[in-house]
Amino acid sequence: MSARKIYRFTGSDARSFLQGLVTNDVDKVDQGLVYAALLTPQGKYLADFFLSADSDGGVLLDIDANLGDSVIKRLSMYRLRADVVIDETALKVQRGTGELPDNALVDPRNAAMGWRIYGSVEGDDGTNWTALRVAHCIPETGIELTQDSYILEAGFETLNGVDFRKGCYVGQEVTARMKHKTELRKGLATVAVNGSAPIGSELKADGKTAGTLFTQSGDQAIAYLRFDRATGAMQAGDAEVHWRATPDA
C-alpha cells in the first residue's frame with residue numbers, strides 16, 4: 001500500500017471552499033467516503049484523493065503522500081479570506097476487503113476495493129490490491145494517473161469520482177465539454193496480455209501507436225488505448241495484447 005497523508009479541513013467555509021475546487025460533491029461525505037480529484041484550469045489531472053466527514057464537523061482529505069504537500073500548497077493559494085484551516089494529521093489508513101468492520105468506509109470507486117478506516121492503525125489484510133486494480137480498471141496515482149491525464153479518459157465517471165450536477169470547480173468546463181459534446185476516443189481499459197512488458201511500454205498495432213501498457217497482473221493489464229487502433233492484436237515489446245471491449249465489472 002502506498003504511503004498516505006491525511007489532512008483535516010476545518011472552519012465555517014471548509015466545505016464550500018473544497019466544493020468550488022474538486023470534481024465531486026463534497027456534501028456526499030455525509031453518506032460515506034467520496035472519491036474526487038483536483039484539476040488544472042485546462043481540465044488535466046493534478047491529484048486524486050478521498051474525502052470523508054470528520055467527527056468534529058470538518059473534512060478529512062486522504063492523499064498519496066508524494067502529492068500531499070504540493071496539493072495543500074495549491075489549495076492554500078485559493079483560500080484567500082475564507083474561514084478554512086488546513087492541518088496535517090497523525091491519522092493512518094487501514095484497508096481491507098470482506099466483512100465491513102466498525103467505523104469502516106466503503107471504497108466508492110468499486111465495491112471490490114473494500115474499505116478504509118482512519119485511525120491509529122496502518123496496514124491492510126494482505127489483499128492483492130494490484131490484481132483488483134487491474135481487474136476493475138482502477139488507475140493509480142503516478143502510474144496510470146499523470147499530469148497528462150483527463151479524468152474522463154481515466155474512468156472517473158465509472159469510479160464515482162466526478163459529479164456533473166454540483167456546479168463549478170477548477171477544470172469543470174473542459175470536463176463537462178468532454179462529457180456532453182465529444183465522444184471519448186482514448187482512455188484506460190483492461191486488456192488481456194500474453195507475456196509481459198515494463199510499465200509505460202508503447203503499444204503498437206499494424207505498426208502504428210495504439211496506446212501505452214501500464215500495470216500488469218497475471219494475464220491482464222491496464223492500458224491507455226486509442227480505441228480506433230485497438231481493435232485487433234497489439235504488441236508491447238515481446239507481449240501480445242488484446243483489448244477486452246467490456247472489461248470485468
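Read on for an overview of the structure. (Residues numbered from 1 in each chain as written. Predicted model: local features only at pLDDT ≥ 70, side-chain atom pairs only at ≥ 80, totals over all residues. Heavy atoms only, no water.)

**A word on the overall build of the protein chain**
No. 1: In terms of helices and strands, the protein chain carries four helices and 15 strands.
No. 2: A compact globule built from 249 residues should have a C-alpha radius of gyration of about 18 Å, and the protein chain, at 19 Å, falls within 12% of that.
No. 3: Projected onto the principal axes, the alpha-carbon positions of the protein chain cover approximately 60 × 40 × 25 Å.
No. 4: Going through the 249 residues of the protein chain one by one, you find that 49% of them count as buried.
No. 5: Residue pairs at least 24 apart in sequence account for 62% of intrachain contacts in the protein chain once pairs closer than 6 positions are excluded.
No. 6: Summed over all atoms, the accessible surface of the protein chain reaches about 12200 Å², with 46% contributed by carbon and sulfur.
No. 7: Side chains of the protein chain carry 27 positive and 34 negative charges; the gap between the two charge centres is 7 Å. (Helix = DSSP H or I, 4+ residues; strand = E, 2+ residues; numbered from the N terminus. Rg over C-alpha atoms; globule rule 2.2 N^0.38 Å. Buried < 20%, exposed > 50% of the residue type's maximum accessible area, 1.4 Å probe, protein only. Contact = heavy atoms within 4.5 Å. Areas by Shrake-Rupley, 256 points an atom, 1.4 Å probe, with all protein chains shown as cover. Lys, Arg positive; Asp, Glu negative; His and termini not counted. Charge placed at Lys NZ, Arg CZ, Asp CG, Glu CD.)

**Here we look at the environment of leucine 213**
No. 1: Assignment of secondary structure puts leucine 213 in strand β12 (residues 208–217).
No. 2: Sequence separation of leucine 213 and threonine 130 is 83 residues, and the distance between their C-alpha atoms is 15 Å.

**Observations regarding the nonpolar core**
No. 1: Counting residues in each nonpolar core, the largest one holds 55 residues, and the members touching the most others are Phe9, Phe49, Leu51, Leu61, Ile63, Leu75 and Phe156.
No. 2: If you list the elements that add at least two residues to this core, you get β1 (4–10), α1 (14–19), β2 (34–39), β3 (45–53), β4 (59–64), α2 (65–77), α3 (129–135) and α4 (172–180).
No. 3: Beyond its immediate chain neighbours, meaning those up to four positions away, leucine 61 contacts Lys5, Ile6, Tyr7, Phe9, Phe49, Phe50, Leu51 and Leu75.
No. 4: Grouped together as the second largest cluster of nonpolar side chains are 16 residues, Ala189, Ala197, Ala210 and Ala230 included. (Core = buried A, V, L, I, M, F, W, Y, C linked by side-chain atoms within 4.5 Å.)

**Describing the pairing of strand β13 (residues 220–226)**
No. 1: Of all the seven residues making up β13, five are buried; the element is thus mostly covered by neighbouring parts of the structure.
No. 2: Where strand β10 (residues 186–194) and β13 come together, seven bridges link them in antiparallel fashion. Residue pairing in the sheet places glycine 187 in a bridge with leucine 225 of β13.
No. 3: In the sheet, β12 pairs with β13 via five bridges, with the strands oriented antiparallel. (Pairing = 2+ DSSP bridges.)

**Concerning α4**
No. 1: For α4, the complete set of buried residues consists of Val174, Thr175, Ala176 and Met178.
No. 2: Close packing links the buried residues of α4 with β2.

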